[in-house]
Amino acid sequence: MSIKHLHEYRDPELSRDIIEQIKKESQKQIRLMEVCGTHTVSIFRNGIRSLLPETISLLSGPGCPVCVTAQSEIDAFVELAKRDDVIIATFGDLIRVPGADSSLQSQQASGRDVRIVYSTSDALEIAKKNPDKNVVFLGIGFETTAPTIAASIQAAHDLNLKNYFVVSAHKLLPPALSTLAENQQINIDGFILPGHVSVVIGVKAYIPFFEKYNIPCVIAGFEPIDILQTIHMLVRQIEGNTPMLENGYKRAVSFEGNPKAQSILDTVFEPVDAAWRGLGVIPLSGLKIRKEFEAFDAQKVFDVQLTEKEEPKGCACGEILTGYKIPPQCPLYQKKCTPIHPIGPCMVSSEGTCAAYYRYHDTQ
Amino acid sequence: MCLAIPSKIVKIENNMATIDVDGVRREASLLMIENPKIGDYVIVHAGFAINKLNEEDALESLKALREAVSLIFDDHKQK
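The rules behind each value
Residues numbered from 1 in each chain as written. Chains lettered and ligands numbered in written order. Predicted model: local features only at pLDDT ≥ 70, side-chain atom pairs only at ≥ 80, totals over all residues. Helix = DSSP H or I, 4+ residues; strand = E, 2+ residues; numbered from the N terminus. Rg over C-alpha atoms; globule rule 2.2 N^0.38 Å. Buried ≥ 20, exposed ≤ 12 C-beta atoms within 10 Å, placed from the backbone. Contact = placed C-beta atoms within 7 Å. Nonpolar A, V, L, I, M, F, W, Y, C, P; charged D, E, K, R; others polar. Pairing = 2+ DSSP bridges. Axes fitted to C-alpha atoms, helices over the stretch in contact; angles between N-to-C directions. Arc of directions from axis to C-beta. Domains from an automatic or database assignment. pLDDT = per-residue confidence, 0-100.

Details of the overall build of chain A
Here is step 1 of the chain: In terms of helices and strands, chain A carries 18 helices and eleven strands.
Here is step 2 of the chain: In summary, chain A has a C-alpha radius of gyration of 21 Å against a globular reference of 21 Å for 364 residues, a match within 12%.
Here is step 3 of the chain: Dimensions along the principal axes, computed over C-alpha positions, put chain A at roughly 65 × 45 × 40 Å.
Here is step 4 of the chain: Here chain A holds 364 residues, and the buried ones make up 55% of them.
Here is step 5 of the chain: A fraction of 77% describes how many contacts in chain A between residues 6 or more apart in sequence connect residues 24 or more apart.

In structure tokens form, the structure reads like this:
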């Protein structure tokens, strides 16, 4: 695949043609939800909402890893950062999310050792270079990221590294789809399924969900043509009353997914009930570190307690994550809550719905 | 955040690859890739290649899409 083909997936002429087709075929009022933060950003960046006919509403779902991380988990991360013996290693977005009393960024400013890493390999290097400190990696993300974190635990195990730990706050996507499909208030007509989560779990992982709810589903890539094509496929399914589970990102997603990634994930983690911001506790939608690897489990080693505290007053992140509200309906949006001074995680992360709205909405 | 741009493998050493995206080079682990080869295009996430891209499928999808669109447009123009 050369960059040339990538440009073809951004071809304005082909985009216009697909949009015309969508306009021709779309009759019913429908609500489609994307459940991937990168799709949210791509939809905004490419101005896709403004190009669609009025019959189609696009909703942003819980697809941003930072945004769905529960308040109690953020607070636990901050508590870990306060320890003198700990170096926190984390992906960048997380450090600005306000906890109940503080954020990782505030801890860093007050002298705590919080380091942003690009991958878990960087975190392992920090552990090797600092044998007298405990390096704690904050494991957030979906099925795409979880295998990379599992791989770091396996590597630490093989290297006999005694000072590398992981907090596993990962989330699994298919269980969240069920929660969304069951919510009568949101009333979703079709799902734009995530691209790279699907690279790992494959089309097959959605079959139980699809068979139970019989709701139109299409796996999408990230380029404008990918997204428009997916919307067109969903419109066809809905107009023809023929719900299907389709793959619109065949160049990257197979039926089986990536068996190596699945195997690494399954070796290290097992499913567990997990709390999501906005969606509450969803059965078997999280991952915990298996007993064989518990020596690397920061939650056990440092006795991390998750305590539920109130989410920021007035913040509508929870309702925005489920598509129940859009950012301008939040009383804090653009007033108290901006990308410079975010109050909720949806404004913190660049792929949060509020941040995407703030950046792109007024220009459309 | 997913990086949607395909990365080209330009060097492989100890199951680590040097990958190139439009001239920008980085390291990525090949732990999750079956039979990686120099010249393969991969999707990279958080320092790990998570899949090889299938060029045949990429071209086929585009071709099918163009054909579908042009058929409808010819139809449209005739009306």
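Regarding the interface of chain A and chain B
Here is step 1 of the chain: Of the residues lining the interface, 36 residues belong to chain A; the matching set on chain B comes to 31 residues.
Here is step 2 of the chain: Put simply, the parts of the chain that give the side of chain A that touches chain B at least two residues each are α1 (3-8), α2 (12-25), α3 (37-45), α8 (120-129), α9 (146-158), α11 (195-201) and α14 (259-268) of chain A.
Here is step 3 of the chain: In terms of residue class, the side of chain A that touches chain B is built from 14 nonpolar, 15 polar and seven charged.

Some remarks on the sheet that holds strand β9 (residues 245-247) of chain A
Residue and element names in this part refer to chain A.
Here is step 1 of the chain: Strand order across the open sheet formed by five strands is β2-β1-β7-β8-β9, with parallel pairing between neighbours. At either margin of the open sheet sits one strand with a lone partner, and together these are β2 (56-60) and β9. Along the sheet, successive strands turn relative to each other by an average axial angle of 20°, direction set aside.
Here is step 2 of the chain: By the bridge criterion, three bridges tie strand β1 (residues 30-34) to strand β7 (residues 190-193) in an arrangement that is parallel.

A few points about α14(A)
Here is step 1 of the chain: For α14(A), the set of buried residues is A:Ala261, A:Ile264, A:Leu265 and A:Val268. When α14(A) is viewed along its axis, its buried side chains cluster within an angular range of 95° and face the same direction.
Here is step 2 of the chain: Against the buried residues of α14(A) lie α9, α11, β10 (269-276) and β11 (280-289) of chain A together with β5 (48-52) of chain B.

With respect to the environment of A:Val97
Residue and element names in this part refer to chain A.
Here is step 1 of the chain: Summarising the element assignment, Val97 is placed in the loop between β3 (86-90) and α7 (104-109).
Here is step 2 of the chain: The spatial distance from the C-alpha of Val97 to the C-alpha of Met347 is 8.9 Å, given a sequence separation of 250 residues.
Here is step 3 of the chain: Setting aside anything within four residues of it in sequence, one finds Val97 in contact with Val66, Ile74, Ser103, Pro345 and Val348.

Section: the sheet that holds strand β6 (residues 164-168) of chain A
All names here are of chain A.
Here is step 1 of the chain: Pairing within the open sheet is parallel, and its four strands lie in the order β4-β3-β5-β6. Two strands close off the open sheet at either side, each with one partner strand: β4 (114-116) and β6. Taking the axes of each pair of neighbouring strands and ignoring which way they run, one obtains an average angle of 25° across the sheet.
Here is step 2 of the chain: Alignment of strand β5 (residues 134-139) against β6, held across five bridges, turns out to be parallel. Its bridge partner being in β6, Val135 is matched across the sheet by Tyr164.
Here is step 3 of the chain: Across the sheet, helix α6 (residues 71-81) lies against β3, β4, β5 and β6, angled at about 140° from β3, the strand it touches most.

A look at the domain arrangement of chain A
Accessible area lost on assembly of the parts is the figure often given for the size of an interface.
All names here are of chain A.
Here is step 1 of the chain: Entries for chain A in the domain assignment read domain 1 (3-64 + 181-238), domain 2 (66-172 + 257-301) and domain 3 (317-363).
Here is step 2 of the chain: For domain 2 and domain 3, the distance between their C-alpha centres works out to 25 Å.
Here is step 3 of the chain: Contacts between the two partners involve eleven residues from domain 2 and, on the opposite side, 13 residues from domain 3.
Here is step 4 of the chain: Tallied by class, residues from the side of domain 2 that touches domain 3 come to six nonpolar, two polar and three charged.

A few points about α8(A)
Residue and element names in this part refer to chain A.
Here is step 1 of the chain: Among the residues of α8, those classed as buried are Thr120, Ala123, Leu124 and Ala127. For α8, the buried positions fall inside an angular range of 100° around the axis, keeping them on one side.
Here is step 2 of the chain: In this fold, the buried residues of α8 make contact with β3, β5, α9 and β6.

A look at the confidence of the model for chain B
Here is step 1 of the chain: In this model, chain B carries a mean pLDDT of 84, and residues with pLDDT of at least 70 account for 85%.
Here is step 2 of the chain: Model confidence for the complex: the whole-complex pTM is 0.92, and ipTM, which rates the interface, is 0.89.

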